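Working through the structure, step by step
Residue-level listing of the chains:
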Amino acid sequence: MPAAVDNPILTFAGNPSVAERLEYLLAGMMSGWPRRGRRLLALSAGRAHFLESLWQAGFDLTVHDNDPEALAVAAGTLKNRAERIVGVPDHLPVDDCSFDYALALLGPETPLPELLQELHRVACRGVLLLFASSWSLAALEYRLRNKTHPHTAGFFSPRAIRREARLVFDTTRRTWGSVLPGHSRTWKRGFLFEHLNAP
């Protein structure tokens, strides 16, 4: 059995500059969503660094992960301020339209078509997909450094995401955003680097 591959988003977010840029990106992408009294599902996000920010933004937050240890990390971060769900991401134990919005971290083991169908079922107002792009310099670096995973596990083509989303979501209202287009050596704090890698 091949070794498990870490989610590159969570790996990169270990860098404080990456974490900051990612939070700016999420804030911008969700700026049009009403917050107070709205239910948000954070899918596969038990170890995500931005859970506190989502709660502070005013969402009624539910955190999902298929790893109980990851949910324990979320519990340590959020205490009793968010509900938690454990289970596979493409078969959630919740009713249709249980959430207003969903934010999903796509990773190496994400069953994309099935996941999108499930998100369409449980989130009735909007869905945000957070993924590491296979078109990025980071993907090239990752591929060169991880010879055992030549297909860049955990990275997704924006074209593939767009194609699959069109098959599921019956809307033309789609917004795209990106962050950290530069080489990993530019993932630093500072005026020049922050403008280079701005969302």
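Scope of this entry: the structure provided in the associated data block. Bear in mind the structure is a predicted one, so any value in this text is a computation, not a measurement.

Next up on the list: the pairing of strand 1 (residues 39-43). One face of the sheet, then the other: side chains in a regular strand alternate in exactly this way. The buried fraction of strand 1 amounts to four of the five residues, a majority that puts the element mostly inside the structure. Relative to strand 2 (residues 60-65), strand 1 is paired through four bridges, and the arrangement is parallel. Residue pairing for strand 2: leucine 40 is matched across the bridge by leucine 61. Handedness of the crossover joining strand 1 and strand 2 through helix 3 (residues 51-56): right-handed. Here four bridges tie strand 1 to strand 4 (residues 99-105), and the two strands are oriented parallel to one another. When the sheet's bridge partners are listed, leucine 41 is paired in strand 4 with alanine 102.

Another point: the packing of helix 5 (residues 112-122) against helix 7 (residues 158-168). As a packed pair, helix 5 and helix 7 sit with axes 10 Å apart at the nearest point and diverge in direction by 45°. It follows from the interaxial angle that helix 5 and helix 7 lie oblique. Crossing geometry of helix 5 relative to helix 7 is assigned as right-handed. Contact with helix 5, carried on its side by Leu112, Pro113, Leu116, Gln117 and His120, involves Ile161, Glu164, Ala165 and Val168 of helix 7 and no other residues of that element. Counted by class, the contact of helix 5 with helix 7 contains six nonpolar, two polar and one charged residues.

By the definition in use, this model includes three aromatic pairs. Taking the centre distance of 4.2 Å and the plane angle of 10° together, the rings of tryptophan 33 and tyrosine 101 count as stacked. With tryptophan 33 in the loop between helix 2 (16-29) and strand 1 and tyrosine 101 in strand 4, the pair connects residues that are 68 residues apart, well separated along the chain. A relative accessible area of 15% places tryptophan 33 in the buried class. Ring geometry for phenylalanine 59 versus tyrosine 101: centroids 6.3 Å apart, planes at 75°, classification edge-to-face. Pair noted here: phenylalanine 59 is in the loop between helix 3 and strand 2 and tyrosine 101 is in strand 4, with a separation of 42 residues, a long-range link. Here the aromatic residues Trp33, Phe59 and Tyr101 are joined through ring pairs into a cluster of three or more. Looking at arginine 81, its charged tip hangs above the ring of tryptophan 55, at a distance of 4.5 Å from the centre. Above the ring of tryptophan 176, the side-chain terminus of arginine 162 is found at 4.5 Å from the ring centroid.

A few words now on unusual backbone geometry. Across residues other than glycine, the phi torsion is negative in most instances, and most of the peptide bonds are trans. One non-glycine residue, lysine 79, lies in the positive phi region at around 60°. Turning to its location among the elements, lysine 79 is positioned in the loop between helix 4 (68-78) and strand 3 (83-86). The backbone phi angle of cysteine 97 is positive, close to 55°, even though this residue is not glycine. Here cysteine 97 shows up in the loop between strand 3 and strand 4.

Ranked by size, the top nonpolar core spans 34 residues in total, and within it Phe50, Leu51, Leu54 and Leu103 carry the most contacts. If you tally residues by element for this core, the top one is helix 2, at four residues. Leave out the neighbours within four places in its chain, and leucine 54 touches Met30, Leu40, Ala42, Phe59, Leu61 and Leu103. Counting residues in each nonpolar core, the second largest holds 22 residues, with Leu41, Ala102, Ala104 and Leu112 among its members.

Of the positions making up helix 4, those classed as buried are Ala70, Leu71, Ala74 and Leu78. Projected down its long axis, helix 4 carries its buried residues within an arc of 100°, all on one side. Of the residues in helix 4, the exposed ones pointing more than 90 degrees away from the buried face are Pro68 and Glu69. Buried positions along helix 4 lie against helix 3, strand 2 and strand 3.

Moving on: the environment of tryptophan 176. Take tryptophan 176: it is sitting in the loop between helix 7 and helix 8 (191-196). Tryptophan 176 sits 18 residues away from proline 158 along the chain, and the two C-alpha atoms are 9.3 Å apart. Sequence-distant contacts of tryptophan 176, that is, excluding residues within four places in its chain, are made with Met29, Phe131, Pro158, Ile161 and Arg162.

Cut-offs used in this document
Residues numbered from 1 in each chain as written. Predicted model: local features only at pLDDT ≥ 70, side-chain atom pairs only at ≥ 80, totals over all residues. Heavy atoms only, no water. Buried < 20%, exposed > 50% of the residue type's maximum accessible area, 1.4 Å probe, protein only. Helix = DSSP H or I, 4+ residues; strand = E, 2+ residues; numbered from the N terminus. Pairing = 2+ DSSP bridges. Right-handed = clockwise from strand over helix to strand, strands pointing away. Axes fitted to C-alpha atoms, helices over the stretch in contact; angles between N-to-C directions. Parallel < 35°, antiparallel > 145°, perpendicular 65-115°, else oblique. Left-handed = near helix turned anticlockwise from the far one by under 90°. Contact = heavy atoms within 4.5 Å. Nonpolar A, V, L, I, M, F, W, Y, C, P; charged D, E, K, R; others polar. Phe/Tyr/Trp six-rings, centres within 6.5 Å; stacked < 30°, edge-to-face > 60°. Lys NZ or Arg CZ within 6 Å of the ring centre and 35° of its normal. Core = buried A, V, L, I, M, F, W, Y, C linked by side-chain atoms within 4.5 Å. Arc of directions from axis to C-beta.

Everything listed here is a matter of geometry and, on its own, says nothing about what the molecule does.
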